Amino acid sequence: MGTRIAGTGIYVPKTVLTNFDLESMVDTSDEWITTRTGIKERRIAKEESVLEMAVEASRNAIEEANISPQDIDAVIVATLTPEKRFPSTGCLLQAELGMDKGFAFDVSAACSGFVYSLDLADSLLKSGKAEMVLIVGVEKLSEIVDWEDRSTCVLFGDGAGAVVVKLSEEDSDLLASSLRSDGSLWDLLYAEKCGYIKMKGRELFKVAVRNMEEVCKEVINRAGVRPEDIDLVIPHQANVRIINSLAERLGIPGERFFINIDRYGNTSAASIPIALHEAIKEGKLKRGDLVLFTAMGGGLTWGAVLMRF
Ligand code: UT7
């Protein structure tokens, strides 16, 4: 039995904030943001709460997986912007979905939250502790962005992506994974309680490329495949220049990297599940393909997961 992605769903807020809108808010330009990051616009949750976005994305994924919420044994929500301090957004989501069994919790691994959660879900499935897991990456970063700081406010966006994973006899599986963290580098990217996002961008850029390269190579080797066998890489969407450098270092052509940062910016834990959903819808990821997920974020945390989709 292997771990299979049975359904995906997303919710992106209605309000679009373009680079041109930002030009009237801080001393920046569409040209700077586009060339330095690849971002053209991002979504801002003006009316939507974190929980509402998580519920919408989850309902879509559950419908696509052709299951009922009652079939789910575990709910994992990856977020750094939870609905409340406690209980977990996972528990609130469980209630909203009308589930009266199983267990729910949040994962705090910043931008690596989805990769951490996917690996964790695989462990729950393969240890017999769950048969069906709902994973949600959801963020409302607009709440913790300093809208007067041009070095960070142009980067982030809001949204949610959900994935249902289950054990299956079909030819799908999680083939290899590597999760890492280094708490000594926490101050490269963080927010104090009730504070804004603080980031040492230039240092983070170098570490991001190096760390993701390392874990990607590790999972590729461990799975006994070659870089050229990878059909699609779905990286965390933090900066298109980070993605391009990673492609070069891994020797995987840039066309095999899924990129949607131009439309959403960096949505932290939501970025990979949103990209995964869009890649499937656009026909870029098909059953049987080898797909590599990789992320790096505050913690520092980073990781990679290689799956047969
Ligand atoms: O999701 C978690 C992981 N996140 C990351 O890994 C983010 C990694 N870092 C990055 O993506 C990039 O470092 C940034 C996009 C954050 C910044 O790009 P950069 O090319 O590293 O720019 P920089 O910080 O070196 O700044 C270059 C110049 C500075 O001006 P001076 O000192 O050269 O005069 C900044 O003040 O660009 C200036 N600048 C801006 N100018 C216009 C910084 N932000 C802006 C802005 N508009 N929004």
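Just so it is clear, the model here is predicted, and its values are computed rather than measured. (Residues numbered from 1 in each chain as written. Predicted model: local features only at pLDDT ≥ 70, side-chain atom pairs only at ≥ 80, totals over all residues. Heavy atoms only, no water.)

Brief notes about a negative patch on the surface
Stated precisely, the cut-off is as follows: Each patch is built from residues that are more than 30% exposed by relative accessible area and take part in no salt bridge. Like charges join if they lie within 9 Å; nonpolar side chains (Val, Leu, Ile, Met, Phe, Trp, Tyr) join within 5 Å. With residues, only the protein chains shown are counted as cover, and all accessible areas are computed by Shrake-Rupley using a 1.4 Å probe. Salt bridges are counted wherever a side-chain nitrogen of Lys or Arg sits within 4 Å of a carboxyl oxygen of Asp or Glu. Counted as positive: Lys and Arg. Counted as negative: Asp and Glu, with His and the chain ends omitted from the count. Charge positions are represented by NZ for Lys, CZ for Arg, CG for Asp and CD for Glu. Numbering of helices and strands starts at the N terminus; helices are DSSP runs of H or I of at least 4 residues and strands are runs of E of at least 2.
Together, Glu52, Glu56, Glu83 and Glu96 make up a region of like negative charge exposed at the surface. Residue placement: glutamate 56 occurs in helix H3 (residues 50-64).

Focus: the nonpolar core
What counts, and what does not: Side-chain atoms within 4.5 Å are what join buried Ala, Val, Leu, Ile, Met, Phe, Trp, Tyr and Cys residues into a set we call a nonpolar core. Burial classes: relative accessible area under 20% of the type maximum marks a residue as buried, over 50% as exposed, and values in between as partly exposed (1.4 Å probe, protein chains only). Delimitation of the domains relies on an automatic or database domain assignment. Any pair of residues with heavy atoms lying within 4.5 Å of one another is described as a contacting pair.
By size, the foremost hydrophobic cluster in this structure holds 46 residues, and its most contacted members are Ile197, Ile230, Phe257, Leu292, Met296 and Leu300. Among the elements that take part in this core, helix H7 (residues 201-222) stands out by supplying 10 residues, more than any other. The two domains that each donate at least three residues to this core are domain 1 (2-168) and domain 2 (173-308). Residue contacts for isoleucine 197: discarding those within four places in its chain leaves Leu141, Ile144, Val145, Thr152, Phe156, Leu189, Tyr190 and Ala191. Residues Tyr116, Val133, Val165 and Phe293 belong to the second largest nonpolar core, which totals 33 residues.

Looking at the sheet that holds strand E1 (residues 2-11)
Under the convention used in this document: Pairs of strands are assigned from DSSP output, requiring at least two bridges between the strands. Note on method: axes are straight lines fitted to C-alpha atoms, helices fitted across the in-contact stretch only, with angles between N-to-C directions ranging 0 to 180 degrees.
Overall, mixed pairing links the five strands, which are arranged E1-E7-E6-E4-E5 in an open sheet. The open sheet is flanked by E1 and strand E5 (103-107), the only strands paired with a single partner. Neighbour-to-neighbour, the strand axes of this sheet turn through a mean angle of 20°, independent of strand direction. For strand E4 (residues 74-78) and strand E6 (residues 132-140), the ladder comprises five bridges, and the chain directions are parallel. Paired with valine 75 across the two strands is leucine 134, which belongs to E6. Helix H5 (residues 113-126) contacts E1, E4, E5, E6 and strand E7 (158-168) of the sheet and is inclined by roughly 165° relative to E4. Here helix H10 (residues 271-281) sits on the sheet and contacts E1, E6 and E7; the angle it forms with E1, its principal contact strand, is near 95°.

A word on the pairing of E1
One face of the sheet, then the other: side chains in a regular strand alternate in exactly this way. Counting buried positions over the 10 residues of E1 gives 10, a clear majority of the element. Note that E1 and E7 share nine bridges and pair antiparallel. Note on E7: the bridge partner recorded for threonine 3 is leucine 167.

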